[in-house]
Amino acid sequence: MKVEIGNATLYLGDCAEILPTLGQFDAVVTDPPYGIGESKGRNKTRGKLAIAKDYGDDDWDNEPITKDAVDLMRNISEWQIIFGGNYFELPPTKCWLIWDKENGASDFADAEMAWTNLNKAVRLKRYMWNGMLRANKELRGDHPTQKPIGIMEWVISHLPNDVETIIDPYMGSGTTGVACMNLKKKFVGIEREKKYFDIACKRLEDAQRQEHLF
């Protein structure tokens, strides 16, 4: 299934099957499964400030993505930004992008790391994402591992200026796509879970409508 929304093209299916058919891209920006069980309803036990949302009991985060999947993403793009790079087989890099969640006392990680092949120094951004406490009052709740739009815009801003087309093979609820739309980048996303694919389509449609208001 393929849906086009403005400069975004979204595919429902397995990226291992779809990605090899799409050709080359300027950059991959993605947050793939780490294999830490976040799809198994773990968020329900973590709420300290409010009752956490129940995302159901799925299997998409039972295992980290394979080395073949990592190699495929690197082969189809010049630049890569891969969250959870510390969980995967990737070469040494001089540039990690580090997101400090400012989440205080919690069993969530204090920070998340994105591996890149960028030729620049390590960069860090503090952006609160702790229960109801969120930078810029940004909403969350569509996906158990959803990244803030502000963080995805930040990581994309580190790509070279001539990058035009970005692909996210593990699109989830579409945050990378919303960030790309906000930054006037062409976006391609792939997601295998129908419920998250539908959410991504709606979020991109909403972002496109918002863009047309200005």
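In the block above lies the structure referred to throughout.
Conventions adopted
- Residues numbered from 1 in each chain as written.
- Predicted model: local features only at pLDDT ≥ 70, side-chain atom pairs only at ≥ 80, totals over all residues.
- Heavy atoms only, no water.
- Buried < 20%, exposed > 50% of the residue type's maximum accessible area, 1.4 Å probe, protein only.
- Helix = DSSP H or I, 4+ residues; strand = E, 2+ residues; numbered from the N terminus.
- Arc of directions from axis to C-beta.
- Contact = heavy atoms within 4.5 Å.
- Salt bridge = Lys/Arg side-chain N within 4 Å of Asp/Glu carboxyl O.

**Student:** Explain helix α2 (residues 67-75) here, please?
**Tutor:** One full turn of an α-helix is made of 3.6 residues, so residues set three or four places apart face in the same direction. All buried positions along α2 are accounted for by Ala69, Val70 and Met73. Seen end-on, α2 carries its buried residues on one side only, within an arc spanning 100 degrees. Exposed residues on α2 whose side chains face more than 90 degrees from its buried face are Asp68 and Asn75. Close packing links the buried residues of α2 with β3 (25-30) and β4 (77-83).

**Student:** I'm lost on the pattern of salt bridges in this one. Help?
**Tutor:** As a working rule, side chains carrying opposite charge can pair if their charged atoms are close by. The full count for this structure, using the stated rule, is ten salt bridges. Among the salt bridges present, the one from Lys147 reaches Glu112, with a minimum N-O distance of 2.8 Å. Within this pair, whereas Lys147 is found in the loop between β9 (133-134) and α3 (149-156), its partner Glu112 is found in strand β6 (residues 111-116), the two being separated by 35 residues in sequence. Glu112 carries the same exposure label as Lys147, and that label is buried. We note a salt bridge from Asp206 to Arg209, for which the minimum N-O separation is 2.2 Å. With Asp206 and Arg209 both in helix α5 (residues 194-212) and three residues apart, the pair spans about one turn of that helix. We classify Asp206 as partly exposed; its relative accessible area is 29%. Residues joined by salt bridges that share partners form a network here, namely Asp31, Lys101, Glu112 and Lys147.

No statement about biological role is implied by the geometric values presented.
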